[in-house]
Amino acid sequence: MARPSRRSGNLPAEATSFIGRRRELAEVRKKLSAARMVSLVGPGGVGKTRLAVRIAADLARGFPDGAWLVELADVRDPALVSNAAMAALDLRDQAFTEPLVLLLSYLKDKDLLLVVDNCEHLLDSAAQVAADVIKAAPGVRVLATSREPLAIDGEHVVPVPPLELPSGNADESLALLGQTEAVMLFTERAAAASGTFELSGANQTAVAELCRRLDGLPLAIELAAVRTRVLTVEQIRDRLNDRFGLLTGGGRAALPRHQTLRTTIDWSYELLAAPEGALLRRLCVFAGRFTVKDVEAVCTGDDVPVAAALDVLSSLVDKSLVMKEDVRGIACYRLHETMREYSALKLTEAGEEIGVEERCTDYYWSRCQQAVPEARYKLADWLEWMDLEIDNIRAILRHCLTRRDARRGIDLVTSVGWYWITRATSEGVRWLDELQACGPGNPEGQFWAYFLRGFLAVLKADPTAARPPLQRALAAARELGQPLLLAQALSMASIAENLAGDPGAAERYLDESSVVTTPLDDFPAKISLLQARALNGFFQGDIEIVKAVASEGVRLSREVGDLYSLEMMLLNAGGTALITGDFEQAMSFYTEALRIAQRIDDRVAEYALLDGLGCVAAGSGQARLAAQLIGAAETVRTQAGASLIPILAPLIAQAEGLAIAELGQSKFDSEMDAGKRMGRDEAIRLALGEPAEISAAAPPNGVALLGKREAEVARLVAKGLSNKQIGARLFISERTVDSHVRSILNKLGFNSRVQIAGWMTSLRGDGRGEKI
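Residues numbered from 1 in each chain as written. Predicted model: local features only at pLDDT ≥ 70, side-chain atom pairs only at ≥ 80, totals over all residues. Heavy atoms only, no water.

S.K.: Can you lay out the overall build of the protein for me, pointing to particular residues and giving the numbers?
M.R.: A tally of helices and strands in the protein yields 38 helices and seven strands. What you see for the protein is a C-alpha radius of gyration of 29 Å, in line with the 28 Å of a compact globule of 772 residues. C-alpha extents for the protein along the principal axes are approximately 90 × 60 × 55 Å. Within the protein, the proportion of its 772 residues that are buried is 58%. The contacts in the protein between residues at least 6 apart in sequence include a share of 72% that link residues at least 24 apart. (Helix = DSSP H or I, 4+ residues; strand = E, 2+ residues; numbered from the N terminus. Rg over C-alpha atoms; globule rule 2.2 N^0.38 Å. Buried < 20%, exposed > 50% of the residue type's maximum accessible area, 1.4 Å probe, protein only. Contact = heavy atoms within 4.5 Å.)

Shown next, in the form of structure tokens:
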């Protein structure tokens, strides 16, 4: 989100399409220079998000730590606002620190702009998080968008008007009319939709009247523009005027802007074929992104056959009623927030709300239950799916809480346990506690709820919180008469007791787990016992035991494809090699584990492995590398909210001593600071001995608005390639390219490909190809 240069003469003429918006840009720039928080306030569909992103793009270089976008549109739970901010900043709720505490700790010394978008449905929570950030982080400025002010101390409100409208002067030249914001947006969207539309002397009057009739509302203009595929501008104008005339008694009186937008959406909705209308209203059941498979399972029926779902969905995308985006090569869809609200009203009017909600709940409940083996043994792929679907799963969990549906809720929260383990420990704890307060689930589901609650507490280094649920898990397993479950609970209880400083209890649980597990042919039971033995060996200083069980654990994990367990066992094996001074073997174990940690994005393992490889470097006489890796590990650790693993502490202290002896304190501190400033991927490449990667998709100052594929498309647009040529170059469809171009235009607040090209050119102004 780096802003384009404003040096005179280097921007294309089309960049003036935001003449009216420049007033808001100037006002916000002035307010942010004196105030800590500015809110862009206006009704839905007025373009607040595009304006906020455009402002942030223009101001980003004024903030050493960049500008960051926190998107709240898909967040339905007020408790998750701080989690959304953490996700935007690439922080991770994976260890001890609570999300809000971690967020504030990270921001306290940063100088950045935080754009918090779509606050209106989470007003109180968004306001509280913003207030906490402003209080804790003096260098942070907050730019919020909402339909109403957040009403916190120090907030400055900037109303967002609609786009600049034509003057209404019949003598206005075609050139001047074409530079009006509303007309430019209509022209660009109509050209994209029909492929042939141009503003001309023949249609300029109708275009101007239509834009004025739609009050300059961007969403309304886009919905009208896409209809130029099948209607002339005059037909669109006349039909909308007829519709508005019915609402104003046949006169020319203006409607409130929200009614103008609602009427335009009504008009678009009523032009849909029956299957299109049915699908659109049902799509509101999804809280976040959704895929074709999701739509086929939840939103189809006699009126929308499964076989027709993709075609109907594509038609809604073509009509700008549904947005399409590619996420890691997967075609995903979502609704504009205003369209989601409208669809929900239509779903209720159709009497389908309860039925569709129940179908959605059953779909995610059953799909996650069925995916439990995949979650463990195909973890990388499953986590990618979860990253796409997590907002929908959160909405279903909230639905279960509201309906006090403990059975399905507990089944669902435990079936996605690996997500909480690797991505969101504090959030997982909260869901488990709230759902269990609703009532018991089925007996086996209840066991897994107790077990997972204890597991997450262990990961948060909180043995006091781990003990009670693990005791209940043991009781539940005994009552069920399930040795497979009992074995895992005993092993986890042993780990918890070691963390609590009670080696006697840890040994007793370990012995019982060994008795229960030995006759079982069950991988989860065996690997749990091996992990408990390894940690027990570390606590007792018995490195030979750790070496033996880690070797067996590596073998078993490889056989079944359990990446998480393989990562942990390699970490254990590397630790034994490091302690015994076998640096070559330690490096081999650690580098393999680090590649796995990077693949599944396990931040706690990444920091531990960076520290481990830093120790290897120190022991191998690479003091500069050691200092950088130890510094980078500290940054990754703090960004995950983790505390230093006790077993690593003396090894790191020894490594630092060796490095300081070689470099001197001053040089060591300098190299360690350089490591702390590294990006996580950069640090991992350094640790693995891979060359530094210069990615044009990675933005400066950590700003992340354009995705990797969007940045690739933007670069090719700047080279003048057509959508067809870009698709051939990137091996994607022409329709997918068009989707990316639309997304880039929306994110950057542009109206044309020429503006994208001009922006890209400005970013390369120093001749080095600055990153986007």
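S.K.: Give me the pattern of salt bridges: which residues, what numbers.
M.R.: This structure, assessed with the given rule, holds 53 salt bridges. Of the charged contacts, one joins Asp 77 and Arg 398 as a salt bridge, the two residues approaching to 2.6 Å between their closest N and O atoms. Remark: Arg 398 occurs in helix α18 (residues 379-402) and Asp 77 occurs in the loop between β2 (67-71) and α3 (81-88); sequence separation between them is 321 residues. Residue classification places Asp 77 among the buried residues on the basis of a relative accessible area of 7%. A salt bridge links Arg 408 to Glu 358; the nearest nitrogen and oxygen atoms lie 3.0 Å apart. You can see Arg 408 sitting in helix α19 (residues 406-415) and its partner Glu 358 sitting in helix α16 (residues 353-370), a full 50 residues away along the chain. Of the residues examined, Glu 358 reaches a relative accessible area of 25% and is grouped as partly exposed. Connected through shared salt-bridge partners, Asp 74, Arg 76, Arg 289, Glu 325, Arg 334, Glu 337 and Arg 340 make up one network. (Salt bridge = Lys/Arg side-chain N within 4 Å of Asp/Glu carboxyl O.)

S.K.: Go over the packing of aromatic side chains, please, and point to the residues and values.
M.R.: The relation between two aromatic rings is expressed through the spacing of the ring centres and the mutual angle of the planes. If you walk through the whole model with that rule in mind, you get 13 aromatic pairs. Aromatic pair Tyr 363 and Tyr 364: ring centres 4.8 Å apart, planes at 65°, arrangement edge-to-face. In textbook terms, an aromatic cluster arises when at least three aromatic residues are bridged by ring pairs, as seen for Trp 418, Phe 447, Trp 448, Phe 451, Phe 455 and Tyr 564. When the ring centre of Tyr 106 is taken as origin, the NZ or CZ atom of Lys 110, which lies over that ring, is 4.1 Å away. Positioned above the aromatic ring of Trp 431 is the side chain of Arg 430, whose terminal nitrogen or guanidinium carbon lies 4.9 Å from the ring centre. (Phe/Tyr/Trp six-rings, centres within 6.5 Å; stacked < 30°, edge-to-face > 60°. Lys NZ or Arg CZ within 6 Å of the ring centre and 35° of its normal.)

S.K.: Residues and numbers for the sheet that holds strand β3 (residues 113-117), please.
M.R.: Taken in spatial order, the five strands line up as β2-β3-β4-β1-β5 in an open sheet, and their pairing is parallel. Each edge of the sheet is formed by a strand with only one pairing partner; in this case those strands are β2 and β5 (155-159). Direction aside, the axes of adjacent strands within the sheet are offset by 20° on average. Pairing of β2 with β3, which is carried by five bridges, proceeds in the parallel orientation. Opposite Glu 71, over in β3, you have Asp 117 as the bridge partner. (Pairing = 2+ DSSP bridges. Axes fitted to C-alpha atoms, helices over the stretch in contact; angles between N-to-C directions.)

S.K.: Explain the environment of Arg 340 residue by residue, including any values.
M.R.: As for its placement among the helices and strands, Arg 340 is situated in helix α15 (residues 337-349). Taking the C-alpha atoms as reference points, Arg 340 and Val 322, 18 residues apart in sequence, are found 9.5 Å from one another. What Arg 340 contacts, discounting residues up to four positions off in sequence, is Ala 73, Asp 74, Arg 76, Cys 284, Phe 286, Ala 287, Gly 288 and Leu 335.

S.K.: Tell me about the nonpolar core, residues and numbers included.
M.R.: When a protein is soluble and globular, its nonpolar side chains tend to lie buried together. Core analysis: the biggest nonpolar cluster contains 202 residues, and Phe 186, Leu 283, Phe 286, Val 322, Trp 382 and Trp 420 have the highest contact counts within it. Here this core takes 12 residues from α18, the largest share from any one element. Membership of the second largest hydrophobic core comes to 35 residues, among which are Met 37, Val 70, Ala 85 and Ile 134. (Core = buried A, V, L, I, M, F, W, Y, C linked by side-chain atoms within 4.5 Å.)

S.K.: Which residues make up the state of the cysteines, and what are the values?
M.R.: In total, this model carries zero disulfides according to the counting rule given. Unpaired in terms of disulfides, Cys 360 finds its nearest cysteine sulfur in Cys 299, a separation of 7.4 Å. On the basis of relative accessibility, which here comes to 2%, the residue Cys 360 falls in the buried class. (Disulfide = S-S within 2.5 Å.)

S.K.: I'd like a rundown of the environment of Pro 503, residues and numbers included.
M.R.: Locating Pro 503 in the fold gives a position in helix α25 (residues 503-517). The spacing of Pro 503 and Gln 622 is 119 residues in sequence and 37 Å in space, taken between C-alpha atoms.

S.K.: Give me the pairing of β3: which residues, what numbers.
M.R.: For β3, the buried fraction is high: five of the five residues fall into the buried class. Residues Leu 113, Val 115 and Asp 117 of β3 are buried on one face, and the alternating residues Leu 114 and Val 116, pointing to the opposite face, are buried as well. Two elements, β3 and strand β4 (residues 141-146), share four bridges in a ladder whose sense is parallel. What sits directly across from Leu 114, in β4, is Val 142.

S.K.: For helix α21 (residues 425-438), give the residues involved together with the corresponding values.
M.R.: Helix length check: α21 (14 residues) gives 20 Å between terminal C-alpha atoms against 20 Å at 1.5 Å per residue, within 8%. With 10 of 14 residues buried, α21 is to be regarded as a mostly interior element. Turning to α21, its buried residues number three or more, namely Thr 425, Ser 426, Glu 427, Gly 428, Val 429, Arg 430, Trp 431, Leu 432, Leu 435 and Cys 438. Among the structural elements, α3, α4 (99-107), α18, α19, α20 (417-422) and α22 (443-459) are those in contact with the buried residues of α21. Looking one or two places after α21, you find Gly 439, whose phi comes out positive at around 140°. (Expected span 1.5 Å × (residues − 1).)

S.K.: For the side chain of Asn 723, give the residues involved together with the corresponding values.
M.R.: Take Asn 723: it is sitting in helix α36 (residues 723-730). Residues contacting Asn 723, with those up to four places away along its chain left out, are Glu 734, Val 737, Asp 738, Val 741 and Arg 753.

S.K.: So what's going on with the packing of α4 against helix α5 (residues 123-136)? Which residues, and what values?
M.R.: Between α4 and α5, the least distance of the axes is 9 Å, while the angle of their chain directions is 35°. Crossing geometry of α4 relative to α5 is assigned as right-handed. Between α4 and α5, the contacting residues are Leu 100, Leu 103, Leu 104 and Leu 107 on the first element and Val 129, Asp 132, Val 133 and Ala 136 on the second. (Left-handed = near helix turned anticlockwise from the far one by under 90°.)

S.K.: Account for α19, naming residues and giving values.
M.R.: The buried fraction of α19 is high, at nine of 10 residues. On its buried face, α19 is in contact with α16, α17 (372-377), α18, α20, α21 and α22.

S.K.: Lay out unusual backbone geometry in plain terms, naming residues and giving numbers.
M.R.: Peptide bonds are mostly trans, and most non-glycine residues show a negative phi. Despite not being glycine, Asp 90 shows a phi value in the positive range, around 65°. Turning to its location among the elements, Asp 90 is positioned in the loop between α3 and α4. If you check the backbone angles, Asp 601 has positive phi at about 55° while not being a glycine. Along the chain, Asp 601 falls in the loop between α29 (583-600) and α30 (603-619).

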